[in-house]
Amino acid sequence: LLDGNDTIVVTIGTVTGGTSPTVTAAAGTANNLWHPRIPRYGRLDYDQKRLGVTGSLQWRPTDRSTLTLDAMLAKFTNNRDETYLEIISFSRSGAGVPQTDVVNYTADSKGNLIKGTFDDVDARVEYRHDELKTEFNQLSLTYDTKFGEAGHLNIVYGQSRSIQNNPVQTTFSFDRYDSDNYSYDYSQDKRLPSFNYGFDPTDPANYQYSASNARGDASLLRLRPSKAVNTFKTIRADIDYQILDGFKLRYGGNYKEYGFSSWEKRLFSRNLASTGTTFTSEAGFPLPAGTSIADVSRVITGFGRGLDLPAGVPTSWLAPDLEKLKAKLGYDCDCINANGDFRLSVLNQLGAMRQITEKDTALYIQGDFDYDVLNIPVRGNIGVRYVKTVQDALGHYNRGSVTTPVSTPFGTISTTVPTDGVQETSREYHNTLPSLNVSAQPFDNFFVRFAAAKVMTRPQLQNLTPGFTSISQANQTLTRGNPDLNPMLSNNLDLSFEWYPDKETLFSIGVFEK
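Asks: Go over the overall build of the protein with me, naming the residues and quoting the values.
Replies: Across its full length, the protein holds 2 helices and 30 strands. Its C-alpha radius of gyration of 32 Å places the protein more than 25% over the 24 Å reference for a compact globule of 514 residues. For the protein, the spread of C-alpha atoms along the principal axes amounts to about 95 × 55 × 40 Å. Here the protein holds 514 residues, and 40% of them are scored as buried. For the protein, the exposed area adds up to about 27,300 Å²; of that, 52% sits on carbon and sulfur atoms. If the 51 positive side-chain charges of the protein are averaged to one point and the 57 negative ones to another, these points end up 4 Å apart.

Asks: Break down the pairing of strand β29 (residues 488–502) for me, with residues and values.
Replies: Direction of pairing for strand β26 (residues 446–457) relative to β29: antiparallel, over a ladder of 12 bridges. Among the inter-strand pairings, Arg-449 is bridged to a residue of β29, identified as Ser-496. As judged from the 8 bridges shared by β29 and strand β30 (residues 505–513), these two strands associate in the antiparallel manner. Bridge pairing links Asp-502 to Thr-505 in β30. Taking the residues between adjacent antiparallel strands as the criterion, β29 and β30 are bridged by 2 residues.

Asks: Provide a residue-level description of the confidence of the model for the protein, including the pertinent values.
Replies: Mean pLDDT over the protein stands at 90; residues scoring 70 or higher make up 92%. With pLDDT under 50 throughout, residues 12–28 is counted as low confidence; its partners more than four residues away or in other chains account for 39 contacts.

Asks: Which residues make up the pairing of strand β19 (residues 317–320), and what values go with them?
Replies: Alternating positions in β19 separate into two faces, Trp-317 and Ala-319 on one and Leu-318 and Pro-320 on the other, with burial throughout. Judged from the 4 bridges that link them, strand β18 (residues 297–300) and β19 form a sheet pairing that is antiparallel. Bridge assignment links Ile-300 to a residue of β19, and that residue is Trp-317.

Asks: Explain the environment of Ala-218 to me, and be specific about the residues and the numbers.
Replies: Looking at where Ala-218 falls in the secondary structure, it is placed in the loop between β11 (194–196) and β12 (221–223). In contact with Ala-218, not counting residues within four places along its chain, are Arg-124, Tyr-177, Ser-210, Ala-211, Ser-212, Asn-213, Leu-272 and Ala-283.

Asks: How would you sum up unusual backbone geometry? Please name residues and give values.
Replies: Non-glycine residue Asn-181 carries a positive phi angle of around 65°. Turning to its location among the elements, Asn-181 is positioned in the loop between β9 (151–179) and β10 (182–185).

Asks: Go over the state of the cysteines with me, naming the residues and quoting the values.
Replies: According to the stated counting rule, one finds 1 disulfide in the structure shown. A sulfur-sulfur distance of 2.1 Å marks the disulfide that ties Cys-333 to Cys-335. With the S-S dihedral at roughly -100°, the linkage between Cys-333 and Cys-335 falls on the left-handed side.

Asks: Report on a nonpolar patch on the surface, specifying residues and quantitative values.
Replies: Nonpolar side chains collect at one region of the surface, where Leu-57, Leu-69, Leu-139, Leu-141, Ile-155, Tyr-157 and Ile-235 lie side by side and expose about 550 Å² of accessible area between them. Among the secondary structure elements, those contributing two or more residues to the nonpolar patch are β8 (121–147) and β9. Tracing the sequence through the fold places Leu-57 in strand β4 (residues 40–62). With relative accessibility at 59%, the residue Leu-57 sits in the exposed group.

Asks: Quick one: what's the story with the sheet that holds strand β6 (residues 101–107), residue by residue and with numbers?
Replies: If you trace the 4 strands from one edge of the open sheet to the other, you get β6-β7-β10-β11, paired in antiparallel fashion. Two strands in the sheet have a free side with no partner beyond their single neighbour: β6 and β11. Put simply, the sheet's adjacent strands are angled 10° from each other on average, direction ignored. Bridge analysis of β6 against strand β7 (residues 113–119) gives 6 bridges, and the strand direction is antiparallel. Opposite Val-102, over in β7, you have Phe-118 as the bridge partner.

Asks: Pulling in residues and values, what's your account of the packing of aromatic side chains?
Replies: All told, the structure shown has 25 aromatic pairs when counted by the stated rule. Ring centres of Tyr-184 and Tyr-186 lie 5.2 Å apart, and the angle between their planes is 75°; this geometry places the pair in the edge-to-face category. The aromatic ring of Trp-263 is capped on one face by Lys-265, whose charged end is 5.4 Å from the ring centroid.

Rules used throughout
Residues numbered from 1 in each chain as written. Predicted model: local features only at pLDDT ≥ 70, side-chain atom pairs only at ≥ 80, totals over all residues. Heavy atoms only, no water. Helix = DSSP H or I, 4+ residues; strand = E, 2+ residues; numbered from the N terminus. Rg over C-alpha atoms; globule rule 2.2 N^0.38 Å. Buried < 20%, exposed > 50% of the residue type's maximum accessible area, 1.4 Å probe, protein only. Areas by Shrake-Rupley, 256 points an atom, 1.4 Å probe, with all protein chains shown as cover. Lys, Arg positive; Asp, Glu negative; His and termini not counted. Charge placed at Lys NZ, Arg CZ, Asp CG, Glu CD. Pairing = 2+ DSSP bridges. pLDDT = per-residue confidence, 0-100. Contact = heavy atoms within 4.5 Å. Disulfide = S-S within 2.5 Å. Patch = residues over 30% accessible without salt bridge, like charges linked within 9 Å, V, L, I, M, F, W, Y side chains within 5 Å. Salt bridge = Lys/Arg side-chain N within 4 Å of Asp/Glu carboxyl O. Axes fitted to C-alpha atoms, helices over the stretch in contact; angles between N-to-C directions. Phe/Tyr/Trp six-rings, centres within 6.5 Å; stacked < 30°, edge-to-face > 60°. Lys NZ or Arg CZ within 6 Å of the ring centre and 35° of its normal.

So this is what it looks like as structure tokens:
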């Protein structure tokens, strides 16, 4: 259970306008000060459970070989509840900030509005519930055997899967519009500010569950279930054979397959007005006739234990009760019912629909040597690895939307249905990676080491996503992955001189070029 304060971020811009302030403040100055975007106190409650199981079996079919099976299962569940008492209008450029009146304020030398009293602010109580489940399983089978006089074979097969599932993510809010006599004070302690809301935050009569954005943001109804799956398979075979005194030959290969897929569902956007073309996402539907805020709420109590809150900060506030709302609205039906359109679709979050597979095939040969050269012990290895990489990626993006009338028991509503755009890419590249490592001991306890290698690092799978993960028309930005990202290649040279005068002392000098 965590109680605390946060502001989301700070922002700058117009904080006065719309109506005449009760007391005229220096509006030209206040409009250019940094202020908290969403000043609030909140509570986070976690209920976590963990399960881990491991097991291993080993069989020796001959006196020179073993077969080993290893398995692991891990499960983690986390039910998380968040509740906040917040001022939402400071973060809104439309109905919100322009309507807020600065009654009086105090600024610091850095341009921060650290203290103020405000009229016509929009207050909100918010409650969010997440059910999070993670499962990881892993299986490996290893065969190890010796053959001939100096041969050794090792074969490994392994696979793993990780599932991150968020089947329930639900957020509701109750709102209060154009509230007067709100004040905040960060001047004494920016981590524990003083908030005075100017009304009783525990009284249901002070809030509404609004399906309209005429006076400010409509109340929240946010449903965002999601899921992500990561898979991994590998098979590897390694052979080494002592073909000469002081020289061992190693060769082998491996195959690896990585997979990643994800999705998220959301509600359809709808027009909250009978006319116009403005569509709003994640807005609540009206409560059923005869249902009041008191019928679907509960009071959060005991906030601030151990925080030493400033005097006057509320320690209790009203919050949406999700179980009562579920009983009244049936919002979890994934359907249209008598109370609203609660259909969920991946079309409403196309940027989250991604699928990537990478297949890596490698072959290598290596020689290990250990000789005396001019009475100087010299050992090391030299080898080369050939790597083939095949990547297939699929991404979705929003190509636009179609306005669609939807018939419901409470009338026809206008919604937008996004048009699914799909982008698929495939590519293949090859790399040859030589390496050399040498260690010489010209004197007792003194070593000279040299290494030269060409190495590679592939891009992370999530960075290869085609399609668009987010588009902001307001900020004129677009975010997407790049399926044509090349691996990072590096040519490395390392030289070091090491002296060990005793067991606990090392003097070393090294140079490198990469």
